[in-house]
Structure formats: structure tokens, C-alpha cells
Amino acid sequence: MEAARRLNECECRAVTDVLCDGCGRPVCTVCSQAEICSFDPKNVRIKHFCHECGQNAAMNPWGELYWERLVSLFA
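Within each chain, residues carry numbers counting from 1 in the order of the written sequence. At least 70 in pLDDT is required for a residue's local features to be given in this predicted model, at least 80 for side-chain atom pairs to be given and counted, and no such filter applies to totals for whole chains, interfaces and linings, which use all residues. Think of the side-chain values as coming from all heavy atoms in the structure, minus any hydrogens and water.

Draft legend 1. Quick peek at the overall build of the chain. Only DSSP runs of H or I reaching four residues or more are called helices, and only runs of E reaching two or more are called strands; each is numbered from the N terminus. Per the secondary structure count, the chain includes two helices and four strands. Counting helices and strands in the order they occur from the N terminus, the chain gives β-β-β-β-α-α. The cut-offs for exposure are 20% and 50% of the maximum accessible area for each residue type, with area from a 1.4 Å probe on protein chains only; residues under the lower value are buried, those over the upper are exposed, and the others partly exposed. Looking at the chain residue by residue over its 75 residues, the buried ones come to 21%. A separation threshold of at least 6 residues defines the contact pool for the chain, and within that pool the share at least 24 residues apart is 32%. Each accessible area is a Shrake-Rupley result for a 1.4 Å probe, and residues are judged covered by the shown protein chains and nothing else. Carbon and sulfur atoms make up 56% of the accessible area of the chain, which amounts to about 6,000 Å² in all. Note on contacts: a residue pair qualifies if any of its non-hydrogen atoms lie within 4.5 Å across the two residues.

Given below as C-alpha cells:
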């Protein structure tokens, strides 16, 4: 018999199994910032960040790397 695993809860109290790739806190898919972190189109990797880590360039270099230039193309 296995021990019961503690359920992870996001700050919004949603039960989730997604962890922030920056700090490791549990985040739900609604509260998290999802970033595509891959150069290879055949092996796409998506990382989830909490709000603080998503805004921190040291934790999430992907946020500032592409989106500023892409927004200017479509604006």
C-alpha cells in the first residue's frame, strides 16, 4: 500500500500537478505563464512559470527573448 500523496494547490486554491520551472511552487494552468522553450520544431518544450518567475529575466529568459520583437511585427 502506498502512502497518500499530498495534493499541490496553486495560490488560487486550484489542485494542480504543474510546478513552476523557476522556483518549483505549484501553479495551475490558468495562473501560470506558459513559454515555448525550444528551437527545434520537432521537440517542442513548454515551461510554466509563476507570475514572479515569469517576469524575472534570470528565471525566464524566453519571455524577453522573443516576444518583444514578435509583438512589434504584429502591432
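Draft legend 2. Unusual backbone geometry, seen in detail. Positive phi, close to 75 degrees, is recorded for R13, a residue that is not glycine. Here R13 lies in the loop between β1 (8-9) and β2 (15-16).

Draft legend 3. Expanded view of the nonpolar core. Buried residues of nine kinds, namely Ala, Val, Leu, Ile, Met, Phe, Trp, Tyr and Cys, make up a nonpolar core once their side-chain atoms join them within 4.5 Å. Residues V18, C20, V27, F49, C50 and C53 constitute the largest nonpolar core, which totals six residues. Residue contacts for C53: discarding those within four places in its chain leaves C20, G22, C23, M59 and N60.

Draft legend 4. Layout of the pattern of salt bridges. Note on definitions: salt bridges are taken to be side-chain nitrogens of Lys or Arg within 4 Å of carboxyl oxygens of Asp or Glu. By the definition in use, this model includes three salt bridges. For E9, the salt bridge is made with R13, and the minimal N-O distance between the two is 3.4 Å. E9 sits in the partly exposed class, given a relative accessible area of 40%. In this structure, the salt-bridge partner of E11 is R25, at a minimum N-O distance of 3.9 Å. One end of the pair, E11, is in the loop between β1 and β2; the other, R25, is in the loop between β2 and β3 (33-36), and 14 residues separate them in sequence. For E11, a relative accessible area of 66% translates into the label exposed. A relative accessible area of 33% places R25 in the partly exposed class.

Draft legend 5. How the structure looks around the state of the cysteines. Note that a disulfide, as used here, is simply two cysteine sulfur atoms within 2.5 Å. Under the counting rule described, the total for this entry stands at zero disulfides. With no disulfide of its own, C12 has C31 as its nearest cysteine by sulfur position, at a separation of 3.6 Å. You can see C31 has no disulfide; the closest cysteine sulfur is in C28, sitting 3.5 Å from it. In this structure C31 comes out as partly exposed when scored by relative accessible area, which is 39%.

Draft legend 6. Geometry of the environment of N56. Examined against the element boundaries, N56 turns out to sit in the loop between α1 (51-55) and α2 (61-74). Residues N56 and G22, spaced 34 residues apart in sequence, show a C-alpha to C-alpha distance of 9.2 Å.

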